[in-house]
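# Observations on chain architecture
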Amino acid sequence: MKRFTELLVEEGHRIEKQLLSAEKAANEEGTMPYKLFGERCIRIERLYLLNDAPYIHYTHYLPSRVGNVKRSELNAQSLYGWLEERSVTIAKFRDEFAVAAAPSDIEALLLAEKSAPMLKRFRYAYDEAGDVVEYSEGYYRSGLHPYVVDYDVCLDHFASFALTL
């Protein structure tokens, strides 16, 4: 499967990412980052532009064991490439989707109307041991471009799967 941003580039769109912050952070009790990583984690915020328009805002949470984060390292590459350099291998992703209004600070960054419904994506990335090594929340201005998942399924595999049902 191709990443969503790769599909957009193939369609002729320009994607630019801006690193907004990268820091060790305290997690609020009761939040998903607290449940997954405890009191402290690494928090990374990024803004993606689609053809120069604010399009997606991500907040990524990583376990503190990943180590120190330097802005200069993340500006030049993808988050998953950076994790790989730190010997963190992603074995599986789980994405969940909802419709939600973004918090006011994220609305402002995305130049969205107040309380406008947006696509919200929750991502859980697991390592080979089944531990969550990244949790993220993303808000998409899907009115600019819908979220696309391109399934390239081998028909033989699909036929054998259908037979087992």
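Attention in this report is confined to the structure presented alongside it. All values derive from a computational prediction rather than experimental measurement.

## Looking at the overall build of the protein
Regarding its fold elements, the protein presents six helices and six strands. The N-to-C order of helical and strand elements in the protein reads α-β-α-β-β-α-α-β-α-β-β-α. Within the span of the protein, comprising 165 residues, buried residues form 38% of the whole. In the protein, once contacts between residues fewer than 6 apart in sequence are set aside, the share between residues at least 24 apart is 58%. Total accessible area computed for the protein in this model is approximately 9,900 Å², and 50% of it derives from carbon and sulfur atoms.

## Remarks on the pairing of strand β2 (residues 40-50)
Counting buried residues along β2, nine of its eleven residues qualify, which places the element largely inside the surrounding structure. Relative to β2, strand β1 (residues 15-26) runs antiparallel, the two sharing eleven bridges. Across the sheet, E16 pairs through a bridge with L49, a residue of β2. Both β2 and strand β3 (residues 53-63) contribute to a ladder of ten bridges, which runs antiparallel. Its bridge partner lying in β3, E45 is registered against T59. Where β2 folds back onto β3 in an antiparallel hairpin, the turn is made up of two residues, including N51, whose phi is positive at roughly 50°.

## Topic: the environment of L50
Note on placement: L50 falls in strand β2. By relative accessible area, which is 5% here, L50 ends up buried. In this structure, the C-alpha to C-alpha distance between L50 and R14, residues 36 residues apart in sequence, is 5.8 Å. If we skip the residues at most four places from it in the chain, L50 touches L8, H13, R14, I15, Y55, L144 and H145.

## Digging into the pattern of salt bridges
Under the defined criterion, the tally for this structure stands at seven salt bridges. Measuring nitrogen to oxygen at the nearest pair gives 3.0 Å for the salt bridge that ties E96 to R94. Exposure remark for E96: the relative accessible area of 29% places this residue in the partly exposed category.

## Quick word on the nonpolar core
The tendency in soluble globular proteins is for nonpolar side chains to be buried side by side. With 15 residues, the main nonpolar core has I44, L62, V69, L74, L79, W82 and L83 as its most contacted residues. The biggest single contributor to this core is helix α4 (residues 79-85), with four residues. When neighbours within four sequence positions are excluded, L74 is seen to be in contact with L19, A22, I44, R46, V69, L79 and W82. Counting residues in each nonpolar core, the second largest holds nine residues, with L8, Y48, Y55 and Y58 among its members.

## A few points about unusual backbone geometry
The backbone of S87 shows a phi angle near 60°, a positive value even though the residue is not glycine. Among the structural elements, S87 can be located in the loop between α4 and β4 (92-101). Given the relative accessible area of 66%, S87 is considered exposed. Backbone geometry places S115, a non-glycine residue, at a positive phi of 60°. Mapped onto the secondary structure, S115 falls in the loop between α5 (104-110) and β5 (117-126).

## Focus: the packing of aromatic side chains
Counting across every chain of the model gives eight aromatic pairs. Ring geometry for Y55 against Y140: centres 6.4 Å apart, planes inclined by 90°, an arrangement best described as edge-to-face. Residue Y55 is located in strand β3, and its partner Y140 is located in strand β6 (residues 132-140); the two are separated by 85 residues in the primary sequence. One exposure class covers both Y55 and Y140, and it is buried. For the pair Y80 and F93, a centre-to-centre distance of 5.3 Å together with 75° between the ring planes defines the contact as edge-to-face. You can see Y80 sitting in helix α4 and its partner F93 sitting in strand β4, a full 13 residues away along the chain. The partly exposed category is assigned to F93, whose relative accessible area is 41%. Each member of the aromatic cluster is reached from another via a ring pair, and the members are Y48, Y55, Y58, F97, Y140 and Y147. Cation over ring: K92 sits above Y126, and NZ or CZ is 5.0 Å from the ring centre.

Rules of the game
Residues numbered from 1 in each chain as written. Predicted model: local features only at pLDDT ≥ 70, side-chain atom pairs only at ≥ 80, totals over all residues. Heavy atoms only, no water. Helix = DSSP H or I, 4+ residues; strand = E, 2+ residues; numbered from the N terminus. Buried < 20%, exposed > 50% of the residue type's maximum accessible area, 1.4 Å probe, protein only. Contact = heavy atoms within 4.5 Å. Areas by Shrake-Rupley, 256 points an atom, 1.4 Å probe, with all protein chains shown as cover. Pairing = 2+ DSSP bridges. Salt bridge = Lys/Arg side-chain N within 4 Å of Asp/Glu carboxyl O. Core = buried A, V, L, I, M, F, W, Y, C linked by side-chain atoms within 4.5 Å. Phe/Tyr/Trp six-rings, centres within 6.5 Å; stacked < 30°, edge-to-face > 60°. Lys NZ or Arg CZ within 6 Å of the ring centre and 35° of its normal.

The analysis is restricted to geometry; functional conclusions fall outside its scope.
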